[in-house]
Amino acid sequence: MDSKEPLILAFDTSCDDTSVAVLKGRKVLSSIVSSQVDIHAEWGGVVPDIARREHEKNLPMVYDEAVKKAKVNVEDIDYIVATYGPGLAIDLEIGLNFAKDLAIKYSKPFIPINHMEGHLLSGLLENSKGKALAEDVEKAKEGDGLESLFPAIGLLISGKHTELIYVKKVGDYLKLGQTLDDAVGEAFDKVGRILNFGYPGGPTLTEFAKKGEGGRIKFPVPMKDSNDLNFSYSGLKTSALYKTRELREEGKKEKEWVYDFCRGFMDAIVESLVIKLESAIQQYGNVKSVFVGGGVLNSEEILREVGRVARSYDLNYVYPAKEYRGDNGAMIGLVGYYKVRSGDYLEVEEEIEKVDRVPRLTL
Ligand code: ZN
């Protein structure tokens, strides 16, 4: 059975990470991510042009490493897949063109992949031994199969996206809500900048929040009473800016209030996510699981609090292993695997050549 699973080579260069992975079905044989975070930190955020230069430089090496680590030859690969959107246009095309060229050169079927579908399904990835990290996924495999995890509510929280999705089954999605301005990741970075944490701001903010006391510095919970499933974080960022000014003008030393500040900010973010997720679950009463994906889940607290909501409604919780929370090629390969199963791939050279990036692609 296993030997029949397709061997998939996957690429993602949608933002600042250069990533290539090799999968056998849902199993990750290798997943190499070359992060540019230190380079962009100097500029306080991702600079698309610099990212492009780094992708061009790193991609051939990352590709070599991924293939070597998986112990495969490119001739043995069954399908080549790559992200075509959403993301930064000039960065997307580096990975997409590299993958298309390989597919044409080696006469392999090619599949363009939506990056956000990768984040959404990342909790279904398995290690090379065929084990998923999320306990509920393993249970479903042993029980009624992965189909029993659906329908589900998907919550995507990354640097650029904050979205709620109704997942009828793999490949069948309905967007329920999204951020009207900043994503959670952007809010972390912007507030991190206000507090001089450097880029990215999320990790320090999360660490400091652990040391603070709740309720001492409060922030309004965004979109609490908006009666829809959308998010908004730019107002929260503005109130964080005013609050910082106020505290600094009072002349208090930063270390006297910064932990409580981060605690209060984190509480507002978590509560906004919990409120919207709960309303989505209540509105779509038949769901079996909560799927989460995106780099913001590197905050263990957010991962845990969202999981608590899933548990309280007796739902499965499908979340990615740590290495698949940020951008990675493995999640792109996983979507590729499902496309292969539904026969959704391109084999004709002219059709492969025509695939173009779609920077504003949505689910
Ligand atoms: Zn992403």
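Everything numeric in this text was worked out from a predicted model, so none of it was measured.

Topic: the coordination of the zinc ion
Then, number 1: Around the zinc ion, the protein supplies His115 (NE2), His119 (NE2) and Asp327 (OD) as donor atoms, at distances of 2.1 Å.
Then, number 2: In primary sequence terms, the donor set of the zinc ion follows H-x3-H-x207-D. In this pair, His115 and His119 both sit in helix H4 (residues 115-121), 4 residues apart, roughly one turn of the helix.

A few points about the pairing of strand S6 (residues 152-157)
Then, number 1: When you tally the buried positions in S6, you get 6 out of 6 residues, the bulk of the element.
Then, number 2: On S6, burial covers both faces: Ala152, Gly154 and Leu156 on one face and Ile153, Leu155 and Ile157 on the other are all buried.
Then, number 3: Summarising the sheet, S6 and strand S7 (residues 162-169) pair through 6 bridges and their orientation is antiparallel. When the sheet's bridge partners are listed, Ile157 is paired in S7 with Thr162.
Then, number 4: In sequence, S6 turns back onto S7 through a hairpin of 4 residues.
Then, number 5: As defined by bridge partners, S6 adjoins strand S9 (residues 289-293) across 5 bridges and the pair is classed as parallel. Pairing of Leu156 across the sheet is with Gly293, part of S9.

So, helix H7 (residues 202-211)
Then, number 1: Here H7 has its buried residues at Gly202, Leu205, Thr206, Phe208 and Ala209.
Then, number 2: Looking at the buried side of H7, the elements it contacts are helix H6 (184-194) and helix H9 (254-283).

Description of the domain arrangement of the chain
Then, number 1: Taken domain by domain, the chain comprises domain 1 (7-133 + 323-354) and domain 2 (148-319).
Then, number 2: The C-alpha centroid of domain 2 is placed 27 Å from the C-alpha centroid of domain 1.
Then, number 3: Domain 1 puts 20 residues into the contact, and the matching count from domain 2 is 25 residues.
Then, number 4: Between domain 1 and domain 2 the total buried area reaches about 1800 Å² when both faces are included, carbon and sulfur atoms providing 70% of it.
Then, number 5: Considering only the side of domain 1, the residues that lose the most area to domain 2 are Met116, Leu120 and Arg325, jointly responsible for 40% of the buried surface there.
Then, number 6: Inspection of the domain 1/domain 2 interface yields 1 salt bridge.
Then, number 7: Arg325 is paired through a salt bridge with Glu300; the nearest N and O atoms lie 3.2 Å apart.
Then, number 8: The tally of links from domain 1 across to domain 2 stands at 4 residue pairs in polar contact (both at pLDDT 80 or more).

What to know about the pattern of salt bridges
Then, number 1: For the structure on display, the rule yields 25 salt bridges.
Then, number 2: The residue Glu207 makes a salt bridge to Lys210 at a minimum N-O spacing of 2.9 Å. Within this pair, Glu207 and its partner Lys210 are both found in helix H7, separated by 3 residues, close to a single helical turn.
Then, number 3: Connected via shared salt-bridge partners are Arg26, Glu126, Glu138 and Lys141.

Details of the packing of H9 against helix H10 (residues 300-312)
Then, number 1: Relative to each other, H9 and H10 sit at 30 degrees, their axes nearing to 10 Å. The angle between H9 and H10 places the two elements in the roughly parallel class. As H9 runs across H10, the sense of the crossing is right-handed. Counting all contacts with H9, which are made through Arg263, Met266, Asp267, Ile269, Val270, Leu273, Val274, Leu277, Glu278 and Ile281, the residues of H10 involved are Glu301, Ile302, Glu305, Val306 and Val309.
Then, number 2: The residue inventory of the contact of H9 with H10, partitioned by class, reads 10 nonpolar, no polar and 5 charged.

Quick look at the pairing of strand S5 (residues 110-114)
Then, number 1: The buried fraction of S5 amounts to 4 of the 5 residues, a majority that puts the element mostly inside the structure.
Then, number 2: The parallel pair strand S4 (residues 79-85) and S5, bridged by helix H3 (residues 89-105), forms a crossover whose chirality is right-handed.

Quick notes on the side chain of His119
Then, number 1: Under the relative-accessibility criterion, His119 is labelled buried at 2%.
Then, number 2: Setting aside residues no more than four positions away along its own chain, His119 makes contact with Leu156, Val292, Gly293, Gly294, Arg325, Gly326, Asp327 and Met331.

A look at the sheet that holds strand S3 (residues 27-34)
Then, number 1: Reading across from one edge, S3-S2-S1-S4-S5 is the order of the 5 strands in this open sheet, with mixed pairing throughout. At either margin of the open sheet sits one strand with a lone partner, and together these are S3 and S5. Direction aside, the axes of adjacent strands within the sheet are offset by 20 degrees on average.
Then, number 2: Pairing analysis gives 4 bridges linking strand S1 (residues 7-12) to S4, with the strands arranged parallel. Paired with Ile8 across the bridge in S4 is Tyr79.
Then, number 3: The sheet contacts of helix H2 (residues 48-70) involve S1, strand S2 (18-24) and S3, and relative to S2 the element is tilted by about 25 degrees.
Then, number 4: Contacts between H3 and the sheet are confined to S1, S4 and S5, with S4 contributing the most and set at about 155 degrees to the helix.

Observations concerning the packing of helix H8 (residues 234-249) against H9
Then, number 1: In contact at an axis separation of 11 Å, H8 and H9 are set at 165 degrees when each is read in the N-to-C sense. By the angle class used here, H8 and H9 are roughly antiparallel. Judged by the sense of rotation from one axis to the other, the crossing of H8 with H9 is right-handed. The segment H8 lies against H9, with Leu236, Ala240, Lys243, Thr244, Leu247 and Arg248 engaging Glu254, Trp257, Phe261, Phe265, Ala268 and Ile269.
Then, number 2: Residues belonging to the contact of H8 with H9 are distributed by class as follows: 8 nonpolar, 1 polar and 3 charged.

What counts as what
Residues numbered from 1 in each chain as written. Predicted model: local features only at pLDDT ≥ 70, side-chain atom pairs only at ≥ 80, totals over all residues. Heavy atoms only, no water. Donors = N, O, S within 2.8 Å, 3.2 Å for Na, K, Ca; no water. Helix = DSSP H or I, 4+ residues; strand = E, 2+ residues; numbered from the N terminus. Buried < 20%, exposed > 50% of the residue type's maximum accessible area, 1.4 Å probe, protein only. Pairing = 2+ DSSP bridges. Contact = heavy atoms within 4.5 Å. Domains from an automatic or database assignment. Buried area = accessible area lost by both parts, 1.4 Å probe. Salt bridge = Lys/Arg side-chain N within 4 Å of Asp/Glu carboxyl O. Polar contact = N/O pair within 3.5 Å; in protein donor to acceptor, adjacent residues only side chain to side chain. Axes fitted to C-alpha atoms, helices over the stretch in contact; angles between N-to-C directions. Parallel < 35°, antiparallel > 145°, perpendicular 65-115°, else oblique. Left-handed = near helix turned anticlockwise from the far one by under 90°. Nonpolar A, V, L, I, M, F, W, Y, C, P; charged D, E, K, R; others polar. Right-handed = clockwise from strand over helix to strand, strands pointing away.

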